[in-house]
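Spelled out, the chains give:
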Amino acid sequence: MSMTVVLSQALLGLNVGVFYAMLSLGLAVIFGLLNIINFAHGAMYMLGAFIALIGYSFIERWFGISMEIGFWPSLILAPLLVGALGILIERTMLQRLYKLDHIYGLLLTFGITLILQGLFANYFNVSGTPYPGQPESLSGVVNLGFMYFPTYRLFAIVFSLVVCFATWYFIEHTKLGSRLRAGVENPELTQAFGLNVPLMITLTFGFGCGLAGLAGVLAAPIYSVSPLMGADLIIVVFAVVVIGGMGSIMGAILSGLALGLVEGLTKVIYPPAASTVIFFLMVLVLLFRPAGLFGKEK
Amino acid sequence: MMNRILFALMLIAGLTAPFYAYPVFVMDLLCFALFACAFNLLLGYVGLLSFGHAAFFGGGAYIAGYAIKAWGFPPLVGILTGTGFALILGIGFGYLAIRRQGIYFAMVTLALAQIIYFMALQLPFTGGENGLQGVPRGMLFGFIDLNSSLAMYYFVFTIFLVGFGIIYRTIHSPFGEVLQAIRENEDRALSLGYDVNRFKLFAFVISATLAGLAGATKAVVFQFASLTSAHWQTSGEVILMTLVGGLGTVFGPVLGALTVGALSHELSSYGSWVQVILGTIFVICVMVFRRGIIGELERQFQKRR
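Not measured: the values here are computed from a predicted model.

Brief notes about the overall build of chain B
1) Next: Looking only at helices and strands, chain B features 13 helices and two strands.
2) Next: Taken over the C-alpha trace, chain B has a radius of gyration of 19 Å; the compact-globule value for 305 residues is 19 Å, and the two agree within 12%.
3) Next: For chain B, the C-alpha atoms occupy an extent of roughly 50 × 40 × 40 Å along the three principal directions.
4) Next: Evaluated residue by residue, chain B yields a buried proportion of 57% over its 305 residues.
5) Next: Contacts spanning at least 24 positions in sequence make up 77% of the contacts within chain B whose residues lie at least 6 apart.
6) Next: Side-chain charges in chain B split into 17 positive and 12 negative, and the spacing between the mean points of these groups amounts to 6 Å.

Digging into the nonpolar core
1) Next: B:Leu49 and B:Phe51 are the most contacted members of the largest nonpolar core, which has 216 residues in total.
2) Next: Per-domain counts for this core show at least three residues from each of domain 1 (26–227) and domain 2 (228–298) of chain A.
3) Next: The contacts of B:Leu49, once residues within four sequence positions are left out, are A:Ile103, A:Leu106, A:Leu107, B:Phe39, B:Leu43, B:Phe105, B:Ala106, B:Thr109 and B:Ile239.

Digging into the packing of helix 1 (residues 2–20) of chain B against helix 13 (residues 292–304) of chain B
All names here are of chain B.
1) Next: Packing of helix 1 against helix 13 leaves a shortest axis separation of 12 Å and a crossing angle of 135 degrees. For the element pair helix 1 / helix 13, the angle class is oblique. Contacts between helix 1 and helix 13 pair Met-2, Asn-3 and Leu-6 from the former with Ile-294, Leu-297, Glu-298 and Phe-301 from the latter.
2) Next: Considered class by class, the residues forming the contact of helix 1 with helix 13 number five nonpolar, one polar and one charged.

Here we look at the interface of chain B and chain A
1) Next: Contacts between chain B and chain A engage 38 residues on the former and 47 residues on the latter.
2) Next: Interface of chain B and chain A: buried area, both sides summed, is about 4000 Å²; carbon and sulfur atoms make up 78% of it.
3) Next: Our enumeration of links across chain B and chain A arrives at zero salt bridges.
4) Next: Put simply, chain B and chain A have five residue pairs in polar contact (both at pLDDT 80 or more) between them.
5) Next: Elements supplying a minimum of two residues to the side of chain B that touches chain A: helix 4 (75–97), helix 5 (102–122), helix 10 (232–245) and helix 12 (273–288) of chain B.
6) Next: If one sorts the elements of the side of chain B that touches chain A by residue count, helix 5 of chain B sits on top with 12 residues.

Quick word on the domain arrangement of chain A
Residues and elements named next belong to chain A.
1) Next: Domain boundaries in chain A define domain 1 (26–227) and domain 2 (228–298).
2) Next: Taking only C-alpha atoms, the centre of domain 1 and the centre of domain 2 are 20 Å apart.
3) Next: Domain 1 puts 27 residues into the contact, and the matching count from domain 2 is 16 residues.
4) Next: Each partner contributes to the roughly 1900 Å² buried at the junction of domain 1 and domain 2, and carbon and sulfur atoms together form 82% of this total.
5) Next: There are zero salt bridges connecting domain 1 and domain 2.
6) Next: Joining domain 1 to domain 2, the criterion identifies two residue pairs in polar contact (both at pLDDT 80 or more).
7) Next: Here the element with the most residues in the side of domain 1 that touches domain 2 is helix 6 (residues 151–173); it accounts for six residues.

A short note on the packing of aromatic side chains
Any two aromatic rings considered together are summarised by their centre-to-centre distance and by the angle between their planes.
1) Next: Evaluation of the coordinates by the stated rule reveals 40 aromatic pairs over all chains.
2) Next: Here the aromatic rings of A:Phe50 and A:Phe120 are separated by 4.5 Å at their centres, their planes lie at 25 degrees, and the arrangement is stacked. Highlighted residues: A:Phe50 in helix 2 (residues 41–57) and A:Phe120 in helix 5 (residues 103–123), separated in sequence by 70 residues.
3) Next: Taking the ring centre of B:Tyr104 as reference, the NZ or CZ of B:Arg100 above it sits at 4.0 Å.

So, the environment of B:Ala64
Residue and element names in this part refer to chain B.
1) Next: Mapping Ala-64 onto the fold places it in helix 3 (residues 54–71).
2) Next: Sequence separation between Ala-64 and Glu-184 is 120 residues, and the spatial gap between their C-alpha atoms is 37 Å.
3) Next: Excluding residues that lie within four positions of it along the chain, Ala-64 makes contacts with Gly-78, Ile-79, Gly-82 and Ala-216.

Regarding helix 13 of chain B
Residues and elements named next belong to chain B.
1) Next: For helix 13, with 13 residues, the first-to-last C-alpha span of 19 Å sits near the 18 Å given by 1.5 Å per residue.
2) Next: For helix 13, every residue scored as buried is listed here: Gly-292, Ile-294, Gly-295 and Glu-296.
3) Next: The inward-facing, buried residues of helix 13 contact helix 1, helix 10 and helix 11 (252–266).

With respect to the side chain of B:Thr217
All names here are of chain B.
1) Next: Within the secondary structure, Thr-217 is located in helix 9 (residues 196–222).
2) Next: Judged by relative accessible area, Thr-217 falls into the buried class, the value being 2%.
3) Next: For Thr-217, the side chain forms a polar contact with the main-chain oxygen of Leu-213, separated by 2.6 Å.

Digging into the packing of helix 2 of chain A against helix 4 (residues 71–92) of chain A
All names here are of chain A.
1) Next: Where helix 2 contacts helix 4, the two axes come as close as 9 Å, and the packing angle between them is 140 degrees. Accordingly, the angle class assigned to the pair helix 2 and helix 4 is oblique. Of the two possible hands of crossing, helix 2 and helix 4 adopt the one that is right-handed. Counting all contacts with helix 2, which are made through Met-44, Leu-47, Gly-48, Ile-51 and Ala-52, the residues of helix 4 involved are Ser-74, Ala-78, Leu-81, Val-82, Leu-85 and Ile-89.

Considering the pattern of salt bridges
Residues and elements named next belong to chain B.
1) Next: What the rule picks out here adds up to five salt bridges over all chains.
2) Next: For Arg-198, the salt bridge goes to Asp-195, with nearest N and O atoms at 3.7 Å.
3) Next: Residue Arg-198 is classed as exposed on the basis of its relative accessible area of 56%.
4) Next: By relative accessible area, Asp-195 is classed as partly exposed at 41%.
5) Next: Three or more residues are tied together by salt bridges with common partners; here these are Arg-291, Glu-296 and Arg-299.

Rules and cut-offs
- Residues numbered from 1 in each chain as written.
- Chains lettered and ligands numbered in written order.
- Predicted model: local features only at pLDDT ≥ 70, side-chain atom pairs only at ≥ 80, totals over all residues.
- Heavy atoms only, no water.
- Helix = DSSP H or I, 4+ residues; strand = E, 2+ residues; numbered from the N terminus.
- Rg over C-alpha atoms; globule rule 2.2 N^0.38 Å.
- Buried < 20%, exposed > 50% of the residue type's maximum accessible area, 1.4 Å probe, protein only.
- Contact = heavy atoms within 4.5 Å.
- Lys, Arg positive; Asp, Glu negative; His and termini not counted.
- Charge placed at Lys NZ, Arg CZ, Asp CG, Glu CD.
- Core = buried A, V, L, I, M, F, W, Y, C linked by side-chain atoms within 4.5 Å.
- Domains from an automatic or database assignment.
- Axes fitted to C-alpha atoms, helices over the stretch in contact; angles between N-to-C directions.
- Parallel < 35°, antiparallel > 145°, perpendicular 65-115°, else oblique.
- Nonpolar A, V, L, I, M, F, W, Y, C, P; charged D, E, K, R; others polar.
- Buried area = accessible area lost by both parts, 1.4 Å probe.
- Salt bridge = Lys/Arg side-chain N within 4 Å of Asp/Glu carboxyl O.
- Polar contact = N/O pair within 3.5 Å; in protein donor to acceptor, adjacent residues only side chain to side chain.
- Phe/Tyr/Trp six-rings, centres within 6.5 Å; stacked < 30°, edge-to-face > 60°.
- Lys NZ or Arg CZ within 6 Å of the ring centre and 35° of its normal.
- Expected span 1.5 Å × (residues − 1).
- Left-handed = near helix turned anticlockwise from the far one by under 90°.

This is the structure:
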């Protein structure tokens, strides 16, 4: 097996890794403030991809309006719409569950996942619909010196990394971020200082969902868009989150990237194990470092 | 008192069911009812949310089906082999999962179950996406032909009653009392000197084993083990059944399995709308109906007195 094959699989793995990173980042941010796990995160990712797809190929077919929303507008529009849906869910439903056992938040979002997934499965093929809207400027391949790599995938990697690190910087190094962290540390005290914690919670949930939607748009040109794309992914992301622990933002990003890389490399070394390698790593982590690599148990 | 009435009702309904309902359908419901009861032992009485119970249900089904089909095991021995597999798997998963608490527990079990799902998809003997087909029902004890749907039905009903009995005894034993103490206040139980993790693991293994029994039985009833039975959506479905019927009630999961099972059956011609409807019921249950059917009934019953 040549070095080029390994390197290209590593890059492809990194490509998956940035999606893991974005999703686990969103989960971690939400978990920090709300203490719930958003099962619907996968559905939000799927929704993002579908908004891009519908905007590009279905507006005319469905509504008779001759209009198409291209990739770039979708990149802004989809996260906003998905984030708005997240805010709606938080305001109308999740908010009433905070006083109960946290498993109810998980169960509620599981129900929402089934609804969203079922809705899209009625109108779209479960085996996937290709997204034709990949921008002209990102087509083709780039020469990386040691290999040729699809331009779009490179763009997706770089763009996602920028978004991840910007989020990290915002939370760890800005004034607004420090207020957020205060809310995570002690909500009552933070509220007593006059900060609007419930609003922070709502916006955080919306932001986390928006990140998932953004990841969905980025994934649309690479994988075909399917109602099940999020569900399969979110379970892997759960394992990523268990491995990394949700105590740290950087931990969530790094474990997402690293595990995507591991998965990519497994595809070279022993392909049948590629779909389960992350779960087996989770088993190892549970055996030897139960709190997770970056974790502090909550 | 209420439990006795409900038990009598369940017994009568169960014994007479094949005379007014389609036996295979009722057997399917019984398997799911046992599965839900096993799940409820964990969530309802220990407070542990396992999102991976399909691994035991599906795993039990595959192993039982394979043992009967390939090794020529008699049906009961085959079912016990599948159950035994679920037991061993339960020890492994339980050992790993109880290392994390609360919401992490759910994520760990879900991820572990995904390993079994992929194995069921990829291993050479499982038949991939088609599932393991052509499992013969065979002769029970060598002389009862299970191809007769009536014989099969009463065999399944007996298995259900045995499983139900084990769960009932577990809940109403000193061991069960400790489990409920852990559910109410884990730290307190720990400080009283109970080895909390050992109790959790024990409960997990019992629950996994009985879920495996349910799955193994289902494989014999339908004569095949399906990939769906190992899918995470099955784990979700059993949660929904338990929730609808009533978390932490003895008969809730049975009633929940009947309700959800009958509903999915009635709606099966609507394709993916079934999922939308089940999801909506999920949301409604979590938002406003957390006690479930039996839970609400019990509350009314207690108010009256």
